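Spelled out from the first residue to the last, the chains are:
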Amino acid sequence: MADEDGAGTPAPQRGYPAGTTAPMPASIPETAPAPAPTGASPTSALALFAWLSPGFPVGAYAYSHALEWAAETGDIIDEASLQSWLADLLVLGFGRADGILLCHAHAAGLAGDLQALAEVNTRAVALAPTAELRLESCQQGRSFLDAVRAAWPHPTLDDASRALPPDVAYPVAIGFAAALHGIKREDVLEAFLFCVAQTLVSAALRLAPIGQTAGTRVVAALLAPVKALALDIPSLTLDDLGTATFRADLGSMRHETQYTRLFRS
């Protein structure tokens, strides 16, 4: 999968034999934030309301993560089926995986370690199960990086933008930027996971299997699994990456040739 996605072998790090990389930590330490630029103070967590809002210029509205296919085939027909589908995506699927990647990118940001960031991003891009889901993550990731650099500048963020390839995974970009701007890991992780849930409910509303009131109930019902996931993820390593939402992945493949489409995934 990594070869097909074009993820190359990372360069050896100083002090390690050729063909190897430094081992990733068993857990992700929450250390002091990286220094803010001279004359600046750490960004308030209020910035997350902008970064993760529907109005932030990343194009989140264009993606449904295969919900469009699920609605077309009848897998999602009402409030209950939508809630069940989204809970599985969060707990068993890309929500959990993206949370792990975000936390490791946050740790790289705290350390100012661009090599570690590149390794996390390479794995994130390589593990995208389909071309559409890779586009969904990487287009938003690069757009997020560019938007934050423009409005919340940081010299290390500029260095990361130049060092990373064009494909930057969305959770990796968010985690790294949050660390550089002094936003705590637990804050950005919980906010990101809840934003994922809200974005997918918004897509479901446009696909019309449910109405606005039902959609609001689904969002409220997903608070509990989001909070539980946010408590569990920080203790996980990159070896814990993996998903078990095969039907959603297959749906993404079939969405590529779906006759009528509103979304890019």
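Residues numbered from 1 in each chain as written. Predicted model: local features only at pLDDT ≥ 70, side-chain atom pairs only at ≥ 80, totals over all residues. Heavy atoms only, no water.

Naming follows an unreviewed UniProt entry, where the protein chain appears as Urease accessory protein UreF of Azorhizobium oxalatiphilum. If you open the UniProt record of the protein chain and go to Sequence similarities (unreviewed entry), you find "Belongs to the UreF family." Per UniProt, the comment on the protein chain under Function (unreviewed entry) is "Required for maturation of urease via the functional incorporation of the urease nickel metallocenter." (UniProt positions renumbered as here; feature names shortened; annotations may be inferred.)

Trainee: Would you explain the environment of Val-226 in this entry?
Mentor: Relative to the helices and strands, Val-226 is located in helix α11 (residues 223-232). In the structure, Val-226 is positioned 30 residues away from Val-196 in sequence and 9.7 Å away in space, judged by C-alpha atoms. Filtering out sequence-adjacent residues up to four positions away, Val-226 remains in contact with Leu-90, Glu-190, Leu-193 and Phe-194. (Helix = DSSP H or I, 4+ residues; strand = E, 2+ residues; numbered from the N terminus. Contact = heavy atoms within 4.5 Å.)

Trainee: Teacher, can you tell me more about the packing of aromatic side chains here?
Mentor: How two aromatic rings sit relative to each other is set out by the distance from centre to centre and by the angle between their planes. Going through the model one piece at a time under the given rule, you end up with 6 aromatic pairs. Aromatic pair Phe-56 and Trp-152: ring centres 6.3 Å apart, planes at 50 degrees, arrangement tilted. Of this pair, Phe-56 sits in the loop between α1 (47-51) and α2 (67-73) while Trp-152 sits in the loop between α6 (131-151) and α7 (155-163), and the two are 96 residues apart along the sequence. With a relative accessible area of 23%, Trp-152 lands in the partly exposed category. Linked through ring pairs, Trp-51, Phe-56, Phe-144, Trp-152, Tyr-170 and Phe-192 together constitute an aromatic cluster. (Phe/Tyr/Trp six-rings, centres within 6.5 Å; stacked < 30°, edge-to-face > 60°. Buried < 20%, exposed > 50% of the residue type's maximum accessible area, 1.4 Å probe, protein only.)

Trainee: Help me understand the nonpolar core, please; the structure alone is not making it clear to me.
Mentor: Nonpolar side chains tend toward joint burial in soluble globular proteins. In terms of nonpolar packing, the biggest core is built from 71 residues, with Trp-51, Leu-67, Trp-85, Leu-86 and Phe-144 touching the most fellow members. At 11 residues, the largest contribution of residues to this core is made by helix α9 (residues 185-207). (Core = buried A, V, L, I, M, F, W, Y, C linked by side-chain atoms within 4.5 Å.)

Trainee: Mind showing me how you'd approach unusual backbone geometry here?
Mentor: Excluding glycine, most residues fall at negative phi; most peptide bonds, likewise, are trans. A positive phi angle is found at His-65, which is not glycine, with a value near 50 degrees. Within the fold, His-65 resides in the loop between α1 and α2. Judged by its relative accessible area of 7%, His-65 falls in the buried class. With a phi angle near 75 degrees, Ala-66 is a residue other than glycine that sits in the positive phi range.

Trainee: What am I meant to see in α11 here?
Mentor: Think of an α-helix as 3.6 residues a turn; residues three or four steps apart then line up on the same face. Among the residues of α11, Val-226, Leu-229 and Ala-230 are the ones counted as buried. Down the axis of α11, the sector holding all buried residues measures 100 degrees, keeping them to one side. For α11, the exposed residues set more than 90 degrees away from the buried face come down to Ala-224 and Leu-231. (Arc of directions from axis to C-beta.)

Trainee: Just to check I follow, could you spell out the packing of α9 against helix α10 (residues 212-221) for this structure?
Mentor: The relative placement of two packed helices is expressed as an angle between their axes plus a distance between the axes. Interaxial distance between α9 and α10 falls to 10 Å at its minimum, and their mutual angle equals 160 degrees. The orientation of α9 relative to α10 falls into the category roughly antiparallel. Like other packed secondary-structure pairs, α9 and α10 cross with a definite hand, here right-handed. Contact residues: Phe-194, Gln-198, Val-201 and Leu-205 in α9; Gln-212, Gly-215, Val-218 and Val-219 in α10. Residue composition of the contact of α9 with α10, by class: 5 nonpolar, 3 polar and no charged. (Axes fitted to C-alpha atoms, helices over the stretch in contact; angles between N-to-C directions. Parallel < 35°, antiparallel > 145°, perpendicular 65-115°, else oblique. Left-handed = near helix turned anticlockwise from the far one by under 90°. Nonpolar A, V, L, I, M, F, W, Y, C, P; charged D, E, K, R; others polar.)

Trainee: What am I meant to see in the pattern of salt bridges here?
Mentor: Side-chain pairs of opposite charge can arise where the charged atoms are in close proximity. Applying the stated rule across the entire model yields 7 salt bridges. Across the salt bridge formed by Asp-75 and Arg-247, the nearest N and O atoms sit 2.4 Å from each other. One end of the pair, Asp-75, is in the loop between α2 and α3 (79-91); the other, Arg-247, is in helix α12 (residues 246-255), with 172 residues separating them in the sequence. Beyond isolated ion pairs, a larger network of salt bridges with shared partners links Asp-146, Arg-149 and Asp-158. (Salt bridge = Lys/Arg side-chain N within 4 Å of Asp/Glu carboxyl O.)

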